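Architecture and fold: a report
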Amino acid sequence: MEDFNAANEIQDLQYFGEFGGVNPSISDSSTYTFLSAKTMFDTFEGNAEGCYLYSRHSSPMNLYLAQALAKMENTAAANVTSSGMGAITTVLLQLCKSGDHIISSRTIYGGTYAFLKNFLPPFQIETTFLDINDFETLENSIRPNTKIVYCESVSNPLLHVANLRRLSAICKKYKLKLIVDNTFSPLSISPIRLGADIVIHSLTKFINGSSDTVGGVYCASQELIDDTKNVNTGASMLLGPTMDSLRSASILKNLRTLHIRMKQHSHNAMYLAERFERDGLKVSYPGLPSHRDHELMKSMMHEAYGFGGLMTLDVETTERANALMELMQSENLGYLAVSLGFYKTLFSCSGSSTSSEIPEQERLKMGISDGLIRFSIGLDQDIERTYQKMRTCMQKTGVLK
Ligand code: PLP
């Protein structure tokens, strides 16, 4: 990859608080005064640069966080939302109107899948789900009313990698917008540099990294961000998925250590994946040469941040998966919990949790078996010790013979 360093972009930003504080001051207000009535009118019309109106529209702290995330993703602008789903739904509802068509990867987060599959059709917005790297089927699925190609750079939970360069070329040819959810690979993959138009994150995960809040962001052109905030027609302004300023402040502080955390998550996940594979377990991790998309990911990533903190282990049955997860939790190896990017390892059975919105038949077609455990590997200091303890749990539960 050419030398774009998202961590430098974040660190080069310089903010001062109202009293010279080294962090920006938090504006704890929902509404803002105007010295003249005309400025208030102009602000409503979108013609008063630098004026704040009402915090559902924007607030100083939300703009600071959005600016840092736009820098990270190399876009002109961004908007932060109260959850990752808030970002996804805002962007899709802004860009798609009744009668439009979306093409989406089949392997995506269950909530996004449910939104596309169940929520949008009553508004006459239809989605075709497919293998996103099957370019022939994709091109054949494009219709005159297709507006969007949607995917995750590294998919949840199967860790399939989307070929963003190829997808971008197709989108440019047919004038479609390529939207990429980059939640699993912040810093490591820069979708805009590979041709995406819009990048989305659930901030809830690695970016915040402390499992204390939900949050989201979409990073895009200034025009799209402004459109979503338009007081008459903006999905963000009118649906109101606004992040609270106090939360923006805490997420901005956590964002500054993301590069260190990602390196450690990736290092630990690689360490465990290599050893589990050597033990003969059915482990899947994009950093392993045996992973179907290993070379593709290598060609797209910034190597310094590694292949990410997510790994899956297929132990075949729900019973075995449950026994292993309960034992690992009681041995203090992590928590039986959904979500990812925490300092502790988190594990859950995707089929019965974060992908349960996807019908069983479809899930099995995707390759999400009942015994598939998704691990978000933590920041453990002594990963060999963790490996040995996990191995013992696997022996006790019959996962490892
Ligand atoms: N995108 C991905 C890849 C996810 O894993 C999730 C949640 O698990 C979301 C989006 C939704 O984010 P949130 O839970 O912050 O709304």
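Refer to the structure above for everything that follows.
What you see is a predicted model, and the numbers here were worked out from it, not measured in a lab.

Moving on: the overall build of the protein. When its secondary structure is counted, the protein shows 15 helices and 12 strands. By the compact-globule yardstick of 21 Å for 401 residues, the protein fits well, its C-alpha radius of gyration being 22 Å. Taking the principal axes of the C-alpha coordinates as reference, the protein spans close to 75 × 55 × 40 Å. For the protein, the computed accessible surface area is about 17100 Å², with 50% contributed by carbon and sulfur atoms. Side chains of the protein carry 37 positive and 42 negative charges; the gap between the two charge centres is 2 Å.

Across the sheet, which stays open at both edges, the 5 strands sit in the order β8-β9-β12-β11-β10 with mixed pairing between neighbours. Because the sheet does not close on itself, it has two edges, and the strands there are β8 (283-284) and β10 (335-336). The strands touched by helix α11 (residues 258-278) are β8 and β9 (310-314); relative to β9, the strand with the most contacts, the crossing angle is about 20°.

When two helices pack together, their arrangement is given by the angle between the helix axes and by the axis-to-axis distance. Following both chains from N to C, one finds helix α13 (residues 318-330) and helix α15 (residues 383-396) inclined at 140°, their axes separated by 9 Å at the closest point. In terms of orientation, α13 lies oblique with respect to α15. In the packing of α13 onto α15, the handedness of the crossing is right-handed. The segment α13 lies against α15, with Leu324, Leu327 and Met328 engaging Met390, Cys393, Met394 and Lys396. Counted by class, the contact of α13 with α15 contains 6 nonpolar, no polar and 1 charged residues.

The next subject is the packing of helix α4 (residues 84-95) against helix α5 (residues 110-119). For the pair α4 and α5, the least separation of the axes is 10 Å and the interaxial angle reads 30°. Between α4 and α5, the interaxial angle falls into the category roughly parallel. The two elements α4 and α5 cross, and the hand of that crossing is right-handed. Two secondary-structure elements touch here, α4 through Met85, Ile88, Thr89, Leu92 and Leu93 and α5 through Gly111, Thr112, Phe115 and Leu116. For the contact of α4 with α5, the per-class residue count stands at 6 nonpolar, 3 polar and no charged.

Take α5 next. With 7 of 10 residues buried, α5 lies mostly within the body of the structure. All of the buried residues along α5 are Gly110, Gly111, Thr112, Tyr113, Ala114, Phe115 and Leu116. Those residues of α5 that are buried lie in contact with α4, β2 (101-105), β3 (126-130), β4 (146-152) and α14 (360-366).

The local shell around the ligand holds 14 residues, among which Met85, Asp181, Ser202, Thr204 and Lys205 are the closest. The contact in question runs from an oxygen atom of the ligand to an N or O atom on the backbone of Met85, over 2.8 Å. Within the side chain of Asp181, one N or O atom sits 2.6 Å away from a nitrogen atom of the ligand. Burial of the ligand by the protein chains amounts to 91% of its free accessible area of 390 Å². Looking at which element gives the most residues to the shell around the ligand, the answer is α4, with 3 residues. Of the residues contributing to the shell around the ligand, the split by class is 4 nonpolar, 7 polar and 3 charged.

This part covers the pairing of β9. For β9, the tally of buried residues reaches 5 of 5 residues, placing the bulk of the element in the interior. On β9, burial covers both faces: Leu310, Thr312 and Asp314 on one face and Met311 and Leu313 on the other are all buried. Pairing of β8 with β9 involves 2 bridges; the strand directions are antiparallel. In the sheet register, Val283 faces β9, and the bridge partner there is Leu313.

Once that is clear, we can look at the nonpolar core. Membership of the largest hydrophobic core comes to 91 residues, with the highest contact counts inside it found for Leu69 and Leu255. Dropping the residues within four chain positions of it, Leu69 is found in contact with Val80, Leu203, Ile207, Val217, Cys219 and Leu255. If you look at the next biggest cluster of nonpolar residues, it comprises 28 residues, including Ile88, Ile148, Leu158 and Ile200.

Scanning the model with the defined rule gives 10 salt bridges in all. A salt bridge links Lys147 to Asp100; its shortest N-O distance comes to 2.8 Å. Taken together, the residues Lys147 in strand β4 and Asp100 in the loop between α4 and β2 connect sequence positions 47 residues apart. What makes Lys147 partly exposed here is its relative accessible area of 34%. Given a relative accessible area of 8%, Asp100 falls into the buried group.

Another aspect to go through is the environment of Thr397. Looking at the element boundaries, Thr397 is found in the segment after α15. Residue Thr397 is classed as buried on the basis of its relative accessible area, which comes to 18%. Sequence separation between Thr397 and Ile368 is 29 residues; the distance between their C-alpha atoms is 21 Å. Setting aside chain neighbours within four positions, we find Thr397 in contact with Arg320, Ala323, Leu324 and Leu327. Of note is the side chain of Thr397, whose polar atom sits 2.8 Å from the backbone oxygen of Cys393.

Below, the discussion takes up helix α3 (residues 60-73). In this model α3 runs 20 Å from its N-terminal to its C-terminal C-alpha over 14 residues, within 8% of the 20 Å that 1.5 Å per residue would give. The element α3 is largely enclosed, with a buried count of 10 among its 14 residues. Regarding α3, the residues found buried are Pro60, Met61, Asn62, Leu65, Ala66, Ala68, Leu69, Ala70, Met72 and Glu73. Looking at the packing, one finds that the buried side of α3 touches α1 (6-11), β1 (77-81), β6 (198-202), β7 (216-220), α10 (245-255) and α11. Two residues or fewer past α3, Asn74 is found with a positive phi of approximately 65°.

Cut-offs and rules
- Residues numbered from 1 in each chain as written.
- Predicted model: local features only at pLDDT ≥ 70, side-chain atom pairs only at ≥ 80, totals over all residues.
- Heavy atoms only, no water.
- Helix = DSSP H or I, 4+ residues; strand = E, 2+ residues; numbered from the N terminus.
- Rg over C-alpha atoms; globule rule 2.2 N^0.38 Å.
- Areas by Shrake-Rupley, 256 points an atom, 1.4 Å probe, with all protein chains shown as cover.
- Lys, Arg positive; Asp, Glu negative; His and termini not counted.
- Charge placed at Lys NZ, Arg CZ, Asp CG, Glu CD.
- Pairing = 2+ DSSP bridges.
- Contact = heavy atoms within 4.5 Å.
- Axes fitted to C-alpha atoms, helices over the stretch in contact; angles between N-to-C directions.
- Parallel < 35°, antiparallel > 145°, perpendicular 65-115°, else oblique.
- Left-handed = near helix turned anticlockwise from the far one by under 90°.
- Nonpolar A, V, L, I, M, F, W, Y, C, P; charged D, E, K, R; others polar.
- Buried < 20%, exposed > 50% of the residue type's maximum accessible area, 1.4 Å probe, protein only.
- Near = heavy atom within 4 Å.
- Polar contact = N/O pair within 3.5 Å; in protein donor to acceptor, adjacent residues only side chain to side chain.
- Core = buried A, V, L, I, M, F, W, Y, C linked by side-chain atoms within 4.5 Å.
- Salt bridge = Lys/Arg side-chain N within 4 Å of Asp/Glu carboxyl O.
- Expected span 1.5 Å × (residues − 1).

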